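Read off the chains here:
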Amino acid sequence: MRTYDVAIVGGGLSGVLAARKLEGQGLSVIVIDKSKSVGGRMATRRIDGGRADHGAQFFTVRSSEFQSHVDEWSKKGWVERWFGEKYARYKGIEGMNQLVKNVSKGIPLKLQFKVHHIIKQHNEYVLRSEDESEVRARAILMTPPAPQTGQLLKQSDLRMSKEAEETLQSLRFSPAVVALLTVNKEEETGLPHSGHQDAHLSEGIERVTDSYAKGISNERIISIYATPERSKALYDKSDATIKEDLLNLTSTIIRPETITAYQIKKWRYAQAENVHTAPFLAVSDEEDVIVAGDAFLYGDDSSGRTRVESAARSGLAAADELMKRLIET
Ligand SMILES: Cc1cc2nc3c(=O)[nH]c(=O)nc-3n(C[C@H](O)[C@H](O)[C@H](O)COP(=O)(O)OP(=O)(O)OC[C@H]3O[C@@H](n4cnc5c(N)ncnc54)[C@H](O)[C@@H]3O)c2cc1C
């Protein structure tokens, strides 16, 4: 069986950008994801000929490092400015998920492979799924949401420093519940021209977005995001109850009689409640296993929150660290 230089667990933006960087330096990489496609929380759902983002709706740029990637994506026609002055909000022109798919083009992927545990055998790592399928690599980059990485490492047989263990244990994520409502295209909504509203909403609602007004869909699909608190309260309720609850709170924006279909998306790990101020974490000095992802922030990240940009910068920093380690050995 082939041994890759680096196996990257997680095909979100942090994982695929890290893969690009490592591959560009001549290392062999594989990106492993439990889902059917890459993208992670940059997620877009196709519904009845239309589409709607139901994870990140946009991203902002605060660092020159990320700006250079965004400029390249803009030139390629993958992203464009959507709205906003101080921090422009960028959207994926064909939805947020397609951006990650575009970035991952040409990178070896192993999809629908949920890494269950990792062991070390003769100086290489073996990543195993529950059905005992394997991937082998000299080094590993972990990019799932931090609590999932913590759980996976707990199930693994690796030397982990106390600091790494405590850091992973301390990072908590809140859930998100999102309703996707298909609305008659001819109907007006109470949303601003951009199709996005995240202020002056009822308590319990974080944001509302119209994918038709956003310009990414031929059908009008409205995404209603519950706040973290309301998402926690709604998480175990039925789809019908969640729809009713979120519709009651947005009745000035969407008239219930205009809805023709709905779907509910639940994210167990949506946003970090607290972050680690370093762009990555080494599992220990003895292991070439690095943990990255959106909860690992540079000290200069003034937003202090998990965002698309923090995910991207963390993945890129972790790739540099792995390159250094692999070149030294
Ligand atoms: C509802 C919601 C709204 C958001 N809105 C915004 C926004 O408007 N702007 C913004 O900047 N950010 C937003 N975010 C945050 C943003 O989406 C994330 O910060 C970013 O996409 C995270 O990227 P990542 O690569 O770090 O992680 P992810 O995208 O979560 O990627 C991790 C990947 O790991 C995979 N995985 C997990 N466990 C395993 C395993 N055991 N084996 C194999 N694969 C595994 C997952 O399937 C996933 O694809 C939002 C997030 C959510 C959920």
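Predicted model only: the values in this text are computed from it and were never measured.

**Focus: the overall build of the chain**
From N to C terminus, the chain includes nine helices and 17 strands. Over its C-alpha trace the chain gives a radius of gyration of 20 Å, about what one expects of a compact globule, namely 20 Å for 329 residues. In terms of its C-alpha atoms, the chain occupies a principal-axis envelope of roughly 65 × 40 × 35 Å. In the chain, the proportion of contacts linking residues at least 24 apart, taken out of those at least 6 apart, comes to 67%. The distance from the centre of the 45 positive side-chain charges to the centre of the 46 negative ones in the chain is 2 Å.

**Examining the domain arrangement of the chain**
Per the domain assignment, the segments making up the chain are domain 1 (3-42 + 59-172 + 275-328) and domain 2 (173-272). Computed from C-alpha atoms alone, the centre-to-centre distance between domain 1 and domain 2 is 28 Å. Listed per partner, the contact involves 19 residues of domain 1 and 13 residues of domain 2. Regarding the contact of domain 1 and domain 2, the summed buried area is about 1300 Å², with carbon and sulfur atoms giving 65% of it. It is R41, W82 and R172 in domain 1 that bury the most area against domain 2; as a group they hold 39% of the surface buried on that side. Of all the elements in the fold, those that place two or more residues in the side of domain 1 that touches domain 2 are β5 (79-83), β6 (89-92) and α4 (146-154). Element by element, the count of residues in the side of domain 1 that touches domain 2 is highest for α4, at three residues. In terms of residue class, the side of domain 1 that touches domain 2 is built from nine nonpolar, five polar and five charged.

**A closer look at helix α5 (residues 162-170)**
One full turn of an α-helix is made of 3.6 residues, so residues set three or four places apart face in the same direction. The set of residues buried in α5 consists of A164, T167 and L168. Burial along α5 is one-sided: seen end-on, the buried residues are contained in an arc of 95°. Next to the buried residues of α5 lie α4, β16 (281-282) and β17 (289-291).

**What about the packing of helix α2 (residues 64-75) against helix α9 (residues 308-328)?**
Packing of α2 against α9 brings their axes to within 10 Å, and their N-to-C directions diverge by 100°. Taken together, the axes of α2 and α9 are roughly perpendicular relative to one another. Touching E65, F66 and H69 of α2 are V308, E309, A312, R313 and L316, all from α9. Class assignment of the residues belonging to the contact of α2 with α9 gives a composition of four nonpolar, one polar and three charged.

**A few points about the nonpolar core**
Within the largest apolar cluster, 29 residues are counted, with the highest numbers of intra-cluster contacts made by I118, L127 and M142. For this core, the secondary-structure elements that each account for two or more residues are β1 (3-9), β2 (29-32), β8 (115-121), β9 (124-129), β10 (134-142), α4, α5 and β17. With four residues, β10 is the single largest residue contributor to this core. The residues touching L127, leaving out its near neighbours within four places in the chain, are A7, V9, I32, F113, V115, H117, I118, S133, E134, V135 and I140.

**Some remarks on the site of the ligand**
What surrounds the ligand is a group of 37 residues, the closest being S14, D33, R41, F58 and D294. One nitrogen or oxygen atom from the side chain of R41 is found 2.7 Å from an oxygen atom belonging to the ligand. Within the contact set of the ligand, a nitrogen atom lies 2.7 Å away from a backbone nitrogen or oxygen of F58. In the complex, the protein chains occlude 95% of the 1000 Å² of accessible area that the ligand would expose alone. The set of elements that each furnish at least two residues to the shell around the ligand consists of α1 (13-24), α4, β15 (259-272) and α9. In the shell around the ligand, the residues fall into 17 nonpolar, 13 polar and seven charged. Looking at the shell around the ligand, you find at least three residues from each of domain 1 (3-42 + 59-172 + 275-328) and domain 2 (173-272).

Cut-off values and rules
- Residues numbered from 1 in each chain as written.
- Predicted model: local features only at pLDDT ≥ 70, side-chain atom pairs only at ≥ 80, totals over all residues.
- Heavy atoms only, no water.
- Helix = DSSP H or I, 4+ residues; strand = E, 2+ residues; numbered from the N terminus.
- Rg over C-alpha atoms; globule rule 2.2 N^0.38 Å.
- Contact = heavy atoms within 4.5 Å.
- Lys, Arg positive; Asp, Glu negative; His and termini not counted.
- Charge placed at Lys NZ, Arg CZ, Asp CG, Glu CD.
- Domains from an automatic or database assignment.
- Buried area = accessible area lost by both parts, 1.4 Å probe.
- Nonpolar A, V, L, I, M, F, W, Y, C, P; charged D, E, K, R; others polar.
- Buried < 20%, exposed > 50% of the residue type's maximum accessible area, 1.4 Å probe, protein only.
- Arc of directions from axis to C-beta.
- Axes fitted to C-alpha atoms, helices over the stretch in contact; angles between N-to-C directions.
- Parallel < 35°, antiparallel > 145°, perpendicular 65-115°, else oblique.
- Core = buried A, V, L, I, M, F, W, Y, C linked by side-chain atoms within 4.5 Å.
- Near = heavy atom within 4 Å.
- Polar contact = N/O pair within 3.5 Å; in protein donor to acceptor, adjacent residues only side chain to side chain.
- Areas by Shrake-Rupley, 256 points an atom, 1.4 Å probe, with all protein chains shown as cover.

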